[in-house]
Amino acid sequence: MPAVGIVIGDGNREYPGKLTLYVTMTCIVAAMGGLIFGYDIGISGGVTTMESFQKEFFPSVYEKQKNDHESNKYCKFDSIPLTLFTSSLYLAALCSCVVASYVTRAFGRKLSMLLGGVLFCAGALLNGFATAVWMLIVGRLLLGFGIGFTNQSVPLYLSEMAPYKYRGALNIGFQLSITIGILVASVLNFFFSKIPGGWGWRLSLGGAVVPALIITVGSLILPDTPNSMIERGRFKQAETKLRKIRGVDNVEDEMDDLIAASEASKLVEHPWRNLLQRKYRPHLTMAILIPSFQQLTGINVIMFYAPVLFQTIGFGNDAALMSAVVTGLVNVGATVVSIYGVDKWGRRFLFIEGGLQMLISQVAVAAAIGAKFGVDGNPGVLPKWYAIVVVLFICIYVAAFAWSWGPLGWLVPSEIFPLEIRSAAQSVTVSMNMIFTFIIAQVFLMMLCHMKFGLFIFFAFFVAVMSVFIYVFLPETRGVPIEEMNQVWRSHWYWSRFVDGDENGRVEMGKVH
Ligand code: BGC
C-alpha cells in the first residue's frame, strides 16, 4: 500500500479570516435549511392529537381515546398507525441521505439543498390536501426525502464556509433553525386546532411549504463553498470566493490546505469503502455514535409527543399544546446560549454539563410521574402544582439538550471528517440519526405503555453512558481548522494509534491501494 505522500497542515496554522457580513449572511440563509426539519418535528405531535385529524384518518385511536376514560393513562395513545404516521418520514430521510451524499460530492452542497427544498415542498402540498391515509404517508415520505438532502448538506456547508474560530457558532445556526421551526409549528398548531370545522390540521401540514420555499430560494442564491469548488476543479473561482468570504487577501495557506485535501480526496474512489480503513476509525466511531446517542437522550419523546405526554399527565387539550409551546421557547433560548458559548467554552464542556443536567432532570421526572401515576397509571385528580413541577423539570431537561447534544450532535460530526470521506461520513451521521429517531418515534408510545415512568430512567441510563463516552473519547475540536483536524486525533491518548502521521507531526493523507 504505497503512501501518496500528500501532506496536509502541520497543525499550527492559523488561517486569517474575519467574521464578514458576507459569511454571516450566507450562513444565516443556509442554516434556514434546518427550518423544514424543525417544522415537521413540531407539527406532527400536535396534529396527531387533533380530534378532527384522528377522526378522519385514525378513527380507531379516536374511539379508543373517547370511550376509554377508565383505562391506564400510560397506554392512552399506544397506536401503531399513529406512530407510523410520525416515523415513516425518518425511513425516507434515511434512504435519501445516501443518494444525497453522491449529489453533495459530485455537484456541490447547493444542489442537495435545492433538491431538499423542492421535495419537502411537494410533500407539504400532498399532506395539506390529503383525503386518504395513503396521501398522508406518500406526503411524509416526500418530506423525509427532502430532510435527508438538507441534513446531509447544510451542516457541511456551514462548517466549510465558517472561519474556523467562529465555526461552532455559525454551524449552530442550523440547530437554531430547527428549534425555531419546532416552536413556530407548536404555536401554529395551537391556533389552527381551534379553527371551527376542524380542518386546521390542513393548514398545519400544508404550512410546511413556507419553510420549504425559504430553503429552495435560499439555495438558489447561496454561493458554493470553496471546498466544494476545489473538489470540482474550479481553483481560481474558489480562491476569489475564499478572499471574499474571509475578508482578507492572504488566503494562500488555507487554499493550499484545501487543494491538498481535495487532491487526497480525488485519489479515493470509494469513499464508502474507505470509511472502513483503520485511519478513519475515530471518524467512523463518531459518525455512528454521536447521532445515535443524540437520539438516545430521549429528546424526541418530548418533541414529538409533548402534547400527548402532557395530556397523559392530566392537562387538557389546550394546556397540553400550550406547554409544548413553553418547552419550544426554552429550546430556542438555550440554543442561543450554545451559540454564545460553543467557541468559548468548547464542545466537551457543553456535552458534559448538558449530560449531567439531563440526567438529573430525567430522574426527577421519573420520580414525579412514578409517585403520582404508580404502575397502574391511575393518578386520580392531579394538583396544579404537580403539573407545574413536571413541566419545570422537562424544561430544565430541554434546556440542557438544547445547549449540548442538540447542536453538537450536528456540529461535531460535520467538522471532524476529512474532505475525502466528508460526504459519505456525513451520510452515516444523518442515517444513524434517522434510524434512531425512527425507532424512538415508533416505539415510544409502546414503551410508555409498558415501561411506564421507568421510560425516563431508561433514557437517563443512556445519558450517563454517553457522557462518560465523551469524557474519555472525544477530543476538543474548538478552534481547530477543519483541514487540520487530524492533529486532534494524533494527540489523543486512544485514537492516536489509528491515525497516521510522520515524526514532524505532519499528517499524511490519501493512501491508496
Ligand atoms: C435533533 C432532533 C430534535 C431536535 C430538537 C435536533 O438536533 O436531531 O431529533 O428533535 O434537535 O430541538
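Residues numbered from 1 in each chain as written. Predicted model: local features only at pLDDT ≥ 70, side-chain atom pairs only at ≥ 80, totals over all residues. Heavy atoms only, no water.

Naming follows an unreviewed UniProt entry, where the protein appears as Major facilitator superfamily (MFS) profile domain-containing protein of Brassica cretica.

(A) Structural detail: the overall build of the protein. Along the backbone of the protein there are 23 helices and two strands. Across the 513 residues that make up the protein, the buried fraction comes to 61%. When contacts within the protein are restricted to residue pairs at least 6 apart in sequence, those whose partners lie at least 24 apart make up 82%. Summing over all exposed atoms, the protein offers an accessible surface of approximately 18,600 Å²; the carbon and sulfur share of this is 68%. (Helix = DSSP H or I, 4+ residues; strand = E, 2+ residues; numbered from the N terminus. Buried < 20%, exposed > 50% of the residue type's maximum accessible area, 1.4 Å probe, protein only. Contact = heavy atoms within 4.5 Å. Areas by Shrake-Rupley, 256 points an atom, 1.4 Å probe, with all protein chains shown as cover.)

(B) How the structure looks around the side chain of Asp40. Tracing the chain through its elements places Asp40 in helix α2 (residues 34–49). Contacts of Asp40, omitting those with residues within four sequence positions, involve Leu89, Tyr90, Phe120, Arg140, Leu143 and Ile147.

(C) Quick look at a nonpolar patch on the surface. A cluster of nonpolar side chains, contributed by Val337, Tyr340, Trp345 and Phe349, occupies part of the molecular surface with about 410 Å² of accessible area. With three residues, the top contributor of residues to the nonpolar patch is helix α17 (residues 317–345). (Patch = residues over 30% accessible without salt bridge, like charges linked within 9 Å, V, L, I, M, F, W, Y side chains within 5 Å. Salt bridge = Lys/Arg side-chain N within 4 Å of Asp/Glu carboxyl O.)

(D) Local environment of helix α20 (residues 405–416). With twelve residues, α20 extends 16 Å between its outermost C-alpha atoms, agreeing within 8% with the 16 Å of an ideal straight helix rising 1.5 Å per residue. Burial runs high along α20: twelve of the twelve residues are buried. Within the sequence span of α20, burial applies to Trp405, Gly406, Pro407, Leu408, Gly409, Trp410, Leu411, Val412, Pro413, Ser414, Glu415 and Ile416. (Expected span 1.5 Å × (residues − 1).)

(E) Seen up close, the confidence of the model for the protein. Looking at the protein, the pLDDT average stands at 86 and 89% of residues meet or exceed 70. For the protein, the element scoring lowest by mean pLDDT is strand β1 (residues 6–8), at 37; helix α15 (residues 281–296) scores highest, at 97. (pLDDT = per-residue confidence, 0-100.)

(F) Focus on the packing of aromatic side chains. Per the counting criterion, the structure on display carries 24 aromatic pairs. Aromatic pair Phe53 and Phe57: ring centres 5.3 Å apart, planes at 50°, arrangement tilted. One end of the pair, Phe53, and the other, Phe57, are both in helix α3 (residues 51–57), four residues apart, so they sit about a helical turn from each other. Here Phe53 matches Phe57 in class, with each residue buried. Judged by centre distance (5.2 Å) and plane angle (85°), the rings of Phe57 and Trp201 are edge-to-face. (Phe/Tyr/Trp six-rings, centres within 6.5 Å; stacked < 30°, edge-to-face > 60°.)

(G) The arrangement of the site of the ligand in detail. Taken together, 14 residues surround the ligand, and among them Gln175, Gln294, Gln295, Asn300 and Trp410 come closest. At 2.9 Å from an oxygen atom of the ligand is found a side-chain nitrogen or oxygen belonging to Gln295. Within the backbone of Gly406, one N or O atom sits 3.3 Å away from an oxygen atom of the ligand. When isolated, the ligand has an accessible area of 310 Å², and the protein chains bury 100% of it. For the shell around the ligand, the elements supplying multiple residues, two or more each, are α2, α8 (167–192), α15, α16 (299–312) and α20. Counting residues per element, the shell around the ligand draws most heavily on α8, which supplies three residues. Within the shell around the ligand, the residues separate by chemical class into six nonpolar, eight polar and no charged. (Near = heavy atom within 4 Å. Polar contact = N/O pair within 3.5 Å; in protein donor to acceptor, adjacent residues only side chain to side chain. Nonpolar A, V, L, I, M, F, W, Y, C, P; charged D, E, K, R; others polar.)

(H) Representation of the environment of Lys344 in the model. Within the secondary structure, Lys344 is located in helix α17. Looking at Lys344, the relative accessible area reads 45%, which means it is partly exposed. C-alpha of Lys344 to C-alpha of Tyr166: the two residues are 178 residues apart in sequence and 9.5 Å apart in space.

(I) Representation of the environment of Arg422. If you trace the backbone, Arg422 turns up in helix α21 (residues 419–451). Here the alpha-carbon distance between Arg422 and Thr104, two residues 318 residues apart in the chain, equals 9.7 Å. With residues up to four places along the chain from it excluded, the contact list for Arg422 reads Arg109, Leu156, Glu160, Asn227, Phe417, Ile482 and Glu483. From its side chain, Arg422 meets the backbone oxygen of Phe417 in a polar contact 3.0 Å long.

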